[in-house]
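# A closer look at the structure
One-letter residues, chain by chain:
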Amino acid sequence: MSYSNLSWFLDAKHGLYFRNGIPLMLNDSEVRFEECNCEVCKGMMPQEIIDLMFNHKEAGFRILVLHNLLDMQRTFQKERLKRK
Ligand SMILES: [Zn+2]
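Described below are features of the structure shown in this document. (Residues numbered from 1 in each chain as written. Predicted model: local features only at pLDDT ≥ 70, side-chain atom pairs only at ≥ 80, totals over all residues.)

### Quick look at the pairing of strand E2 (residues 22-25)
To keep things clear, this is the line we draw: Paired strands are those between which DSSP finds at least two bridges. Helix and strand assignments follow DSSP, with helices taken as H or I runs no shorter than four residues and strands as E runs no shorter than two, numbered in order from the N terminus.
For strand E1 (residues 16-19) and E2, the ladder comprises four bridges, and the chain directions are antiparallel. Residue pairing for E2: Leu16 is matched across the bridge by Met25. Once E1 ends, the chain turns through two residues before running back antiparallel as E2, passing Asn20 with a positive phi of about 50 degrees.

### A word on helix H3 (residues 57-83)
The line we're drawing: Take the residue count of a helix, subtract one, and multiply by 1.5 Å to get its expected span. Three classes are used. A residue is buried when 20 or more other C-beta atoms lie within 10 Å of its own, exposed when 12 or fewer do, and partly exposed in between, with C-beta atoms placed from the backbone. For the purpose of contact definition, each residue receives a C-beta atom placed from its backbone, and two residues are in contact when these atoms lie within 7 Å.
Helix length check: H3, at 27 residues, gives a terminal C-alpha distance of 39 Å against a target of 39 Å (1.5 Å per residue), a fit within 8%. For H3, the set of buried residues is Gly60, Ile63, Leu64, His67, Asn68 and Asp71. Looking at the packing, one finds that the buried side of H3 touches helix H1 (7-13), E1 and helix H2 (46-55).

### A short note on the environment of Asp11
Tracing the backbone shows Asp11 in helix H1. Residue class for Asp11 comes out partly exposed when judged on the 18 C-beta atoms lying within 10 Å of it. Sequence separation between Asp11 and Arg32 is 21 residues, and the spatial gap between their C-alpha atoms is 16 Å. Among residues more than four places away in sequence, those in contact with Asp11 are Leu16, Pro23 and Asn68.

### Some points on the environment of Ile50
If you trace the backbone, Ile50 turns up in helix H2. Between the alpha carbons of Ile50 and Pro23 there is a distance of 16 Å; along the sequence they are 27 residues apart.

### So, unusual backbone geometry
Phi at Asn20 is positive, roughly 50 degrees, even though this residue is not glycine. In this structure, Asn20 sits in the loop between E1 and E2.

### A few points about the nonpolar core
Convention followed: Core membership is restricted to buried Ala, Val, Leu, Ile, Met, Phe, Trp, Tyr and Cys residues, and these are joined into a nonpolar core through C-beta atoms within 7 Å.
In this structure, Trp8, Ala12, Tyr17, Phe18, Cys36, Cys41, Ile49, Ile63 and Leu64 together form the largest nonpolar core, which totals nine residues. Looking at this core, the elements that each hand over two or more residues are H1, E1 and H3. If we skip the residues at most four places from it in the chain, Leu64 touches Ala12, Tyr17 and Ile49.

### A few points about the packing of H2 against H3
Under the convention used in this document: Angles run from 0 to 180 degrees between N-to-C directions of axes, and those axes are lines fitted to C-alpha atoms, restricted for helices to the stretch in contact. Three categories are distinguished: nonpolar for Ala, Val, Leu, Ile, Met, Phe, Trp, Tyr, Cys and Pro, charged for Asp, Glu, Lys and Arg, and polar for the others, with Gly belonging to the last.
With their axes 5 Å apart at the nearest point, H2 and H3 run at an angle of 145 degrees to one another. Counted together, Ile49, Leu52 and Met53 of H2 and Lys57, Ala59, Gly60, Phe61, Ile63 and Leu64 of H3 form the full contact between these two elements. Across the contact of H2 with H3, the residue classes break down as seven nonpolar, one polar and one charged.

This is the structure:
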């Protein structure tokens with residue numbers, strides 16, 4: 001798996017939401033109503049990002065992109081710690 005690509009960004013464009021490095025659809029029943037406490041979401045659920053995108057496409061997309069980026073970074077750091 002490569003972390004140097006822009007998948008976290010491209011996947012957000014397709015409405016994909018990362019959780020522990022795994023992309024899921026925003027409306028996937030596994031994550032849809034699960035609050036995320038990252039610095040970007042601050043307790044928002046994917047469903048709320050969907051609602052936000054509906055009203056303010058750019059604002060919703062921005063949160064999704066940054067959430068994905070943070071999730072990738074966290075996953076990457078965990079992987080690095082494991083290898084030590
Ligand atoms: Zn988040």
